[in-house]
Amino acid sequence: MDRRELLKMIVAATGAAMVGLPALAQGKAAAVPVKTLFSDADVGTLDEIAETILPRTRTPGAKDAGAGLFMATFVSDCYTARQQATFRAGLTDIDRRAGGRFVSLTPEARTELLRTLDAEAKARRADVTETGTPEEGEAMPHYFTMFKQLAIFGFFTSKVGATGVLQYVAVPGRYDGDLAYVPGTPAWGTS
């Protein structure tokens, strides 16, 4: 699966364009390394949120791919200050809705909370106009849309996601336009 296909999948799954993508696409690296805006506890919470979205089953989960650290780094490096504030406020809101800490909830309660947030995000999509370079008056996406996008993007662009979940061929072989398909076979991953 190439990055373009992955981005199309993220848009289909979240109903919104990838937030922060213009900064990533332009490839502008900071002159000074950016310090992450998140504590180790925040990264742990992000790992648990991502693991609830993409849990470990017969295949690796989001925590196996280090999705929490990826999310923290992406937000620190690619999001605007306004997007970062929305993301951080969302992290605080998730803990508040969890009655203290998201990580202290049972797996069933975590899933239920994230389903509620996903429904809220879907209801708000029609108002969203911002994706990358915001104007002050534009509506921000719901913070859960950002969480979900980053969990999916971080997982499927990781080595664990590309090799442990998708089929992976390090060096492509010959072209076969009539490759047999077996139902249930994973999609192809590329590096």
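The structure contained in this document is the topic of the report that follows. Residue indices follow the written sequence of each chain, beginning from 1 at its first position. Under the rules for a predicted model, residues below a pLDDT of 70 receive no local features and side-chain atom pairs below 80 are neither given nor counted, while totals for whole chains, interfaces and linings still include all residues. Hydrogens and waters are ignored; side-chain quantities use all the structure's heavy atoms.

## Some remarks on the overall build of the protein
- When its secondary structure is counted, the protein shows eight helices and two strands.
- Starting at the N terminus and ending at the C terminus, the protein contains elements arranged as α-α-α-α-α-α-α-α-β-β.
- Here the protein holds 191 residues, and 39% of them are scored as buried.
- Within the protein, counting contacts between residues at least 6 apart in sequence, those at least 24 apart form 65% of the total.
- Areas reported as accessible are Shrake-Rupley estimates using a 1.4 Å probe. Residue values count occlusion only from the protein chains shown. Total accessible area computed for the protein in this model is approximately 10700 Å², and 57% of it derives from carbon and sulfur atoms. A run of H or I in DSSP counts as a helix once it spans at least four residues, and a run of E counts as a strand once it spans at least two, with each numbered from the N terminus. When accessible area is computed with a 1.4 Å probe and restricted to protein chains, residues below 20% of their type maximum are described as buried, those above 50% as exposed, and intermediate ones as partly exposed. Contacts are assigned to residue pairs with any non-hydrogen atoms lying within 4.5 Å of each other.

## A look at helix H6 (residues 107-124)
- Given a helix with a known number of residues, its expected span is that number minus one, times 1.5 Å. The terminal C-alpha atoms of H6 lie 26 Å apart, and with 18 residues this matches the ideal 26 Å at 1.5 Å per residue to within 8%.
- Along H6, the residues classified as buried are Arg110, Leu113, Leu114, Leu117, Asp118 and Ala121. Projection of H6 onto a plane perpendicular to its axis shows the buried side chains occupying an angular sector of 140°, all on one side. Along H6, the residues that are exposed and aim more than 90 degrees away from the buried face are Glu108, Arg115 and Ala123.
- Along its buried surface, H6 packs onto helix H3 (40-53), helix H5 (81-97) and helix H7 (143-156). The directions from the helix axis to the C-beta atoms form the arc being described.

## What about the packing of aromatic side chains?
- Two rings belonging to Phe, Tyr or Trp (six-membered ring only in the last case) form a pair when the distance between their centres is within 6.5 Å. Interplanar angles under 30 degrees mark stacking, angles over 60 mark edge-to-face geometry, and anything in between is tilted. Within the structure shown, the criterion is met by nine aromatic pairs.
- Pairwise contacts between aromatic rings join Phe38, Phe70, Phe74, Tyr79, Phe87, Tyr143, Phe147 and Phe153 into one cluster.

## Re the nonpolar core
- We define the nonpolar core as a collection of buried residues of types Ala, Val, Leu, Ile, Met, Phe, Trp, Tyr and Cys that are connected through side-chain atoms lying within 4.5 Å of one another. Counting residues in each nonpolar core, the largest one holds 39 residues, and the members touching the most others are Phe38, Leu46, Tyr79, Phe87, Ile94, Phe102 and Phe147.
- Contributing elements (two or more residues each) for this core: H3, helix H4 (67-78), H5, H6 and H7.
- Per element, the largest residue contribution to this core is 10 residues, and it comes from H7.

## Some thoughts on the pattern of salt bridges
- By definition here, a salt bridge exists when the distance from a side-chain nitrogen of Lys or Arg to a carboxyl oxygen of Asp or Glu is within 4 Å. A full pass over the atoms with the stated rule returns 10 salt bridges.
- Of the charged contacts, one joins Lys63 and Glu48 as a salt bridge, the two residues approaching to 2.8 Å between their closest N and O atoms. Taken together, the positions of Lys63 in the loop between H3 and H4 and Glu48 in helix H3 put the pair 15 residues apart, joining distant regions of the chain.
- Residue Lys63 is classed as partly exposed on the basis of its relative accessible area, which comes to 40%.
- Owing to a relative accessible area of 16%, Glu48 belongs among the buried residues under this scheme.
- Salt-bridge contacts for Arg101 lead to Asp95; the nearest nitrogen and oxygen are separated by 3.3 Å.
- What you see here is one network of salt bridges that share partners, running through Asp93, Arg96, Arg97 and Glu120.

## Let's talk about the packing of H4 against H5
- Axes here refer to lines fitted to C-alpha atoms; in helices the fit is confined to the stretch in contact. Angles between the N-to-C directions go from 0 to 180 degrees. Orientation of H4 relative to H5, taken along the N-to-C sense of each, is 150°, at an axis distance of 8 Å. The pairing of H4 with H5 is recorded here as roughly antiparallel in orientation. Seen from H4, the contacting residues are Met71, Val75, Ser76 and Cys78; seen from H5, they are Gln83, Gln84 and Phe87. Note on angle classes: values under 35 degrees are labelled roughly parallel, values over 145 roughly antiparallel, values of 65 to 115 roughly perpendicular, and the remainder oblique.

## Digging into H7
- Across its 14 residues, H7 extends 20 Å between first and last C-alpha, which sits within 8% of the 20 Å expected from 1.5 Å per residue.
- Within H7, 14 of the 14 residues are buried, which leaves the element mostly enclosed by the surrounding structure.

## Considerations on the side chain of His142
- Secondary-structure assignment places His142 in the loop between H6 and H7.
- As used in this structure description, the phrase polar contact means that two N or O atoms lie within 3.5 Å; if the pair is within protein, one of them must be able to donate a hydrogen and the other to accept it, and residues adjacent in sequence are counted only when both atoms belong to side chains. Engagement of the side chain of His142 in a polar contact is seen with the side chain of Glu120, the distance being 3.3 Å.
- A polar atom in the side chain of His142 sits 3.0 Å from the backbone nitrogen of Phe144.
- In this view, His142 contacts Leu117, Glu120, Ala121 and Arg124; residues no more than four positions away in its chain are not counted.

Functional significance is not addressed by these values, which are geometric in nature.
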